[in-house]
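Chain residues, written in single-letter form:
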Amino acid sequence: MESTLTQAEPFCIVKNLQVLFHGRNVLQGIDLTLSGNGIVVVLGSSGSGKTTFLRSLNRLNECYPGYSSSGRVNLKLSGTMSDINHSDLPLTELRRQVGMVFQTPNVLPTSIAQNISLPLKLVTGLGKSEREARLVEVLQEVHLWDEVKNRLKDNAFRLSGGQQQRLCMARVLALKPQVLLLDEPTASLDFKTSHKIEDLLIELQEHYQIIAVSHSLRQARKIADQILIMKEGRIEHLLKKEKFEDPKILQKLLEEIF
Ligand SMILES: Nc1ncnc2c1ncn2[C@@H]1O[C@H](COP(=O)(O)OP(=O)(O)O)[C@@H](O)[C@H]1O
Ligand SMILES: [Mg+2]
């Protein structure tokens, strides 16, 4: 009997991706197809290549000396699968569509408002009133608006760690990305603030394709729809939710790699 269920379309296809720094192989021929909805969480021991993998999805590795790579990465952008290395896709446009938030909040040394407005002006060229509207919209989206609406001119460094990280997320969201890469976004935050960010990510997954590196099994189980486990520059496992709902199964797999 013919099944009425159709396979979800992939949003990320990686073929034989190798990344080297100064001739040393860091990603060892990754083949991966990601499809479905929800957050993909990347787990793996330190040095297993998680950050390098994320950076290969928006070509950020190219910023580092000694980098070379081979293989292909295709992402679904504006509804179609695009080769991220294709000359039709300018680098600034790729990085706008595939936004990244880092482990430590990296606010710009300027006001809260300018943290959103400056990159918006540089990348999109939007006018002042549109930028102001977008600013309110994204600060509301990350639930920061009420906390900062009366101090938009304050230096962003005066915000707490969790507020700074939400500001960094708002700065990326202001550019209307489609894919959101998060590299251990709660690593520098306390438990309570981490929970806040996790709840935010669960909300944001409705609108963005999220791929997040995590250092925490608890966090992965809370937010992930799929878990990708990396070891020594390779993908060891790609687990669907039903596989890690039983914590014992996941624990066992992780014991193999840590
Ligand atoms: N810019 C770089 N230059 C040289 N080596 C790098 C660079 N980035 C990562 N590496 C190396 O690649 C390996 C994987 O690093 P990384 O992707 O940061 O791992 P993880 O995020 O899983 O801790 C490590 O051995 C690291 O030293
Ligand atoms: Mg890392």
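S.K.: Tell me what's going on with the packing of helix H3 (residues 112-124) against helix H4 (residues 128-141), and back it up with residues and numbers.
M.R.: Two numbers describe how H3 lies on H4: the axes approach to 10 Å, and their chain directions differ by 125 degrees. Here H4 runs oblique to H3, going by the angle between their axes. Like other packed secondary-structure pairs, H3 and H4 cross with a definite hand, here right-handed. The residues of H4 that touch H3, namely those facing Ala-113, Ile-116, Ser-117, Leu-120 and Lys-121, are Arg-131, Arg-134, Leu-135 and Val-138. Of the residues assigned to the contact of H3 with H4, the class counts are five nonpolar, one polar and three charged.

S.K.: Explain the sheet that holds strand E4 (residues 67-77) to me, using residue names and the numbers behind them.
M.R.: Ordered by their spatial adjacency, four strands build an open sheet running E2-E1-E4-E5, and the pairing between neighbours is antiparallel. Only two strands of the sheet have a single neighbouring strand rather than two, namely strand E2 (24-35) and strand E5 (80-83). Averaged over all adjacent pairs, the angle separating strand axes in this sheet is 10 degrees, with direction ignored. As judged from the eight bridges shared by strand E1 (residues 10-21) and E4, these two strands associate in the antiparallel manner. Bridge pairing links Val-19 to Ser-69 in E4.

S.K.: Explain the site of ligand 1 to me, using residue names and the numbers behind them.
M.R.: Lining the immediate surroundings of ligand 1 are Phe-21, Val-26, Gly-44, Ser-46, Gly-47, Ser-48, Gly-49, Lys-50, Thr-51, Thr-52 and Tyr-64. Broken down by element, the residue count for the shell around ligand 1 peaks at three residues, all from helix H1 (residues 50-55). Its residues assigned to classes, the shell around ligand 1 shows three nonpolar, seven polar and one charged.

Parameters and conventions
Residues numbered from 1 in each chain as written. Chains lettered and ligands numbered in written order. Predicted model: local features only at pLDDT ≥ 70, side-chain atom pairs only at ≥ 80, totals over all residues. Axes fitted to C-alpha atoms, helices over the stretch in contact; angles between N-to-C directions. Helix = DSSP H or I, 4+ residues; strand = E, 2+ residues; numbered from the N terminus. Parallel < 35°, antiparallel > 145°, perpendicular 65-115°, else oblique. Left-handed = near helix turned anticlockwise from the far one by under 90°. Contact = placed C-beta atoms within 7 Å. Nonpolar A, V, L, I, M, F, W, Y, C, P; charged D, E, K, R; others polar. Pairing = 2+ DSSP bridges. Near = placed C-beta within 6 Å.

Read these as layout, nothing more, since geometry by itself doesn't imply function.
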